[in-house]
Amino acid sequence: MLSYYFKLAWLSLRKTPLLSVLMVGTIALGIAAAMVTYTVSYMMTKDPLPAKSDRIFTVQLSSWGPQQPYKVVDGREEIPAMISYRDALNLKTAAKAQQETAIGLFKSMSRAEQQDRRDAQMRMIRTIHNDFFAMFDVPFLYGSAWSEQDDSAGNQVVVITKALNDELFDGVNSVGRHIVLGESLLQIVGVMDDWFPIPRFYYLSSQAYHDPHALFVPLQYQINQEIFSRGDVTWACWQDIEDVAFSDFITSDCIWLFYWVELESAKDRADYMDFINVYVDEQKSAGRFARENLSRLFTIDEYLRWADVLSNENDMAVWLAFAFLLACLLNCMSLMMTKFYGKGSEIGLRRAVGASRQDIGWQFLCEAFLIGILGGVLGLVFAQFGLQLIQQIFTYLNDSIMQMDLRIMLMTLVLSVVASVLFGLWPIYRATRIQPSSQLKSL
């Protein structure tokens, strides 16, 4: 019987093509607007490291000078998100976490060894400890992370991204080959597979939706080479460091490194915080950290919210998009009312030959279901166009933000069908109340 109702519904849609197109198109527009906004919002706010995000923390220390706070927000003193090299070295040496890494940055001309000097490009180089790769579940296409010995000695080794490997080596295994940074020759030990943590949580919040940098080298390499790109990276000092030597800079309280730790479990947070408080007391005793101890640990989610990467603006945009969908559904309901009421004579004839109100209701319910399916499919097509358009406009954002996964696609179809049926109930109810006698007189 249900197939018979669907057949009647399909014939009904074909009988009034203009009205059917208007209903399907209205739902498709609303669904597309809602799901494009939801997709971007979902991809921008999802957990970038779900397997371990509750036991990875960034360390923030009250290391600022005594003269004035680092920053005051809403009347409260804020401490910097970054720490000094001196503190990063101390924390790394203490080795209280399961894995830990400092994260810095510098800028340098870079090229493959076989390339001409004129083909070198200026690139930002990420400096890290080798724990970075295991902590953040970085996949490798070829090779692996550099060794502990490379890490501590600052050997001239480099890990590159798949995109750079494709660009410089046509995608073949480049492990063992060399990259030239400035005047230094670095051996490639690993090629990362596609890795786009969204949001990119481990460094500045302003770069949370950018692609990862293409080259990763040991932090100690940067220290050995005495490289610091003052004009191209974020850093701050409460001391006057004009024209100081590099050795004095890295032993100063200038902040320029993020520091992340991975603990064995989320329960170890309190113990690690106790270690940080003891460390702060030790530094106070040594004449540093003159301000009140506001040091803290942030999980990935806490850091992203503190840095306003996950803001309420995303939720507001989604609500506005779904309000537009509601307006489209109300318009569609009005069109259904017009169509179903326009079939009064047909309803009267069917009732006269024995069809019940339930039979009429099932027929129109199937029609609303078909409208929802067609609207959902067309809405998916519109949504893909919308996401591609956003991708063309915001070229600096990672492409993965504009991608619908299977879950969102299925959700789009289900939402379209449920909304169409729900907003079709009133027109269907009104249609089933049509009196056959009044309609038969007009035949």
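About the cut-offs
- Residues numbered from 1 in each chain as written.
- Predicted model: local features only at pLDDT ≥ 70, side-chain atom pairs only at ≥ 80, totals over all residues.
- Heavy atoms only, no water.
- UniProt positions renumbered as here; feature names shortened; annotations may be inferred.
- Helix = DSSP H or I, 4+ residues; strand = E, 2+ residues; numbered from the N terminus.
- Rg over C-alpha atoms; globule rule 2.2 N^0.38 Å.
- Buried < 20%, exposed > 50% of the residue type's maximum accessible area, 1.4 Å probe, protein only.
- Contact = heavy atoms within 4.5 Å.
- Axes fitted to C-alpha atoms, helices over the stretch in contact; angles between N-to-C directions.
- Left-handed = near helix turned anticlockwise from the far one by under 90°.
- Nonpolar A, V, L, I, M, F, W, Y, C, P; charged D, E, K, R; others polar.
- Core = buried A, V, L, I, M, F, W, Y, C linked by side-chain atoms within 4.5 Å.
- Salt bridge = Lys/Arg side-chain N within 4 Å of Asp/Glu carboxyl O.
- 1 Å grid on protein atoms, 1.4 Å probe; cavity = no way out; pocket = protein on both sides within 12 Å on 5 of 7 lines; lining within 4 Å.
- Points joined across faces, edges and corners; volume = space filled by probe spheres on them.

The protein chain has the name ABC transporter permease in an unreviewed UniProt entry, where Pseudoalteromonas viridis is given as its organism. Regarding the protein chain, the UniProt comment filed under Subcellular location (unreviewed entry) reads as follows: "Cell membrane".

Undergrad: What am I meant to see in the overall build of the protein chain here?
TA: Within the protein chain, the secondary structure is distributed over 15 helices and 13 strands. What you see for the protein chain is a C-alpha radius of gyration of 31 Å, clearly larger than the 22 Å of a compact globule of 443 residues, by over 25%. Dimensions of the protein chain, computed from C-alpha atoms along their principal axes, come out at roughly 100 × 55 × 35 Å. Within the span of the protein chain, comprising 443 residues, buried residues form 49% of the whole. At a minimum sequence separation of 6, the contacts of the protein chain that also span at least 24 residues come to 76%.

Undergrad: It is not clear to me how the UniProt feature "domain: MacB-like periplasmic core" (unreviewed entry) in the protein chain should be interpreted in this structure. Could you clarify?
TA: In this structure's numbering, the residues bearing the UniProt feature "domain: MacB-like periplasmic core" (unreviewed entry) are residues 20–223. Taken end to end, residues 20–223 is 29% helix and 29% strand, and its first and last C-alpha atoms sit 68 Å apart.

Undergrad: Quick question: what am I supposed to make of the environment of Ala 270 here?
TA: Structurally, the position occupied by Ala 270 is in helix H9 (residues 269–285). Residues Ala 270 and Leu 297 lie 27 residues apart in sequence; the distance between their C-alpha atoms is 9.5 Å.

Undergrad: How do you make sense of the packing of helix H13 (residues 357–393) against helix H14 (residues 406–432) when you look at a structure like this?
TA: Any two packed helices are characterised by the angle at which their axes cross and by the distance between the axes. The N-to-C vectors of H13 and H14 enclose an angle of 145°; their axes lie 7 Å apart at closest approach. Considering how the two elements wind past one another, H13 and H14 form a crossing that is right-handed. For the contact of H13 with H14, the per-class residue count stands at 16 nonpolar, nine polar and one charged.

Undergrad: Hey, could you run me through the nonpolar core in this one?
TA: As a rule of thumb, soluble globular proteins bury nonpolar side chains together. Core analysis: the biggest nonpolar cluster contains 109 residues, and Phe 132, Phe 136, Trp 260, Tyr 272 and Ile 276 have the highest contact counts within it. Counting residues per element, this core draws most heavily on helix H2 (residues 17–45), at eleven residues. Judged by nonpolar contacts, the second largest core, of 17 residues, contains Phe 106, Val 158, Leu 168 and Ala 214.

Undergrad: Can you help me understand the pattern of salt bridges in this one?
TA: If charged atoms from side chains of opposite charge come close, those side chains can pair. If you walk through the whole model with that rule in mind, you get 17 salt bridges. Between Glu 262 and Lys 52 there is a salt bridge, and its shortest N-O distance comes to 3.5 Å. Of this pair, Glu 262 sits in strand S12 (residues 255–262) while Lys 52 sits in the loop between H2 and strand S1 (56–60); the two residues are 210 residues apart in sequence, bridging distant segments of the chain. Between Glu 77 and Arg 291 there is a salt bridge; the shortest N-O distance is 2.7 Å. Separated by 214 residues along the polypeptide, Glu 77 in strand S3 (residues 76–78) and Arg 291 in the loop between H9 and strand S13 (296–299) bring together distant segments of the chain. Three or more residues joined by partner-sharing salt bridges are found here, namely Lys 52, Arg 55, Asp 137 and Glu 262.

Undergrad: Got a minute to help me understand the packing of helix H1 (residues 2–15) against H13 in this structure?
TA: It is the contact of H1 with H13, at a shortest axis distance of 8 Å, that shows an interaxial angle of 65°. Here the hand of the crossing between H1 and H13 comes out right-handed. For the pair formed by H1 and H13, the contact residues are Leu 2, Tyr 5, Phe 6, Leu 8, Ala 9, Trp 10, Ser 12 and Leu 13 on the first element and Asp 359, Trp 362, Gln 363, Cys 366, Glu 367, Phe 369, Leu 370, Ile 371 and Leu 374 on the second. A class-by-class count of the residues in the contact of H1 with H13 yields 13 nonpolar, two polar and two charged.

Undergrad: Could you clarify how one ought to interpret the layout of surface pockets in this entry?
TA: Vacant regions in the atomic arrangement are exposed by a probe of water-molecule size rolled over the atoms. In this structure, the largest pocket encloses a volume near 460 Å³. Along its surface, the largest pocket is lined by 20 residues, and Lys 71, Ile 79, Ala 81, Trp 306 and Ala 307 are the ones closest to its centre. Breaking the lining of the largest pocket down by element, the ones donating at least two residues are strand S2 (71–73), S3 and helix H10 (300–306). Broken down by element, the lining of the largest pocket gets its largest block of residues, three residues, from S3. A breakdown of the residues in the lining of the largest pocket according to their chemical character gives eleven nonpolar, two polar and seven charged. Breaking the lining of the second largest pocket down by element, the ones donating at least two residues are strand S6 (121–128) and helix H6 (162–169). Of all the elements, H6 adds the most residues to the lining of the second largest pocket, at five residues. Looking at the lining of the second largest pocket residue by residue, the classes come out as eight nonpolar, two polar and seven charged.

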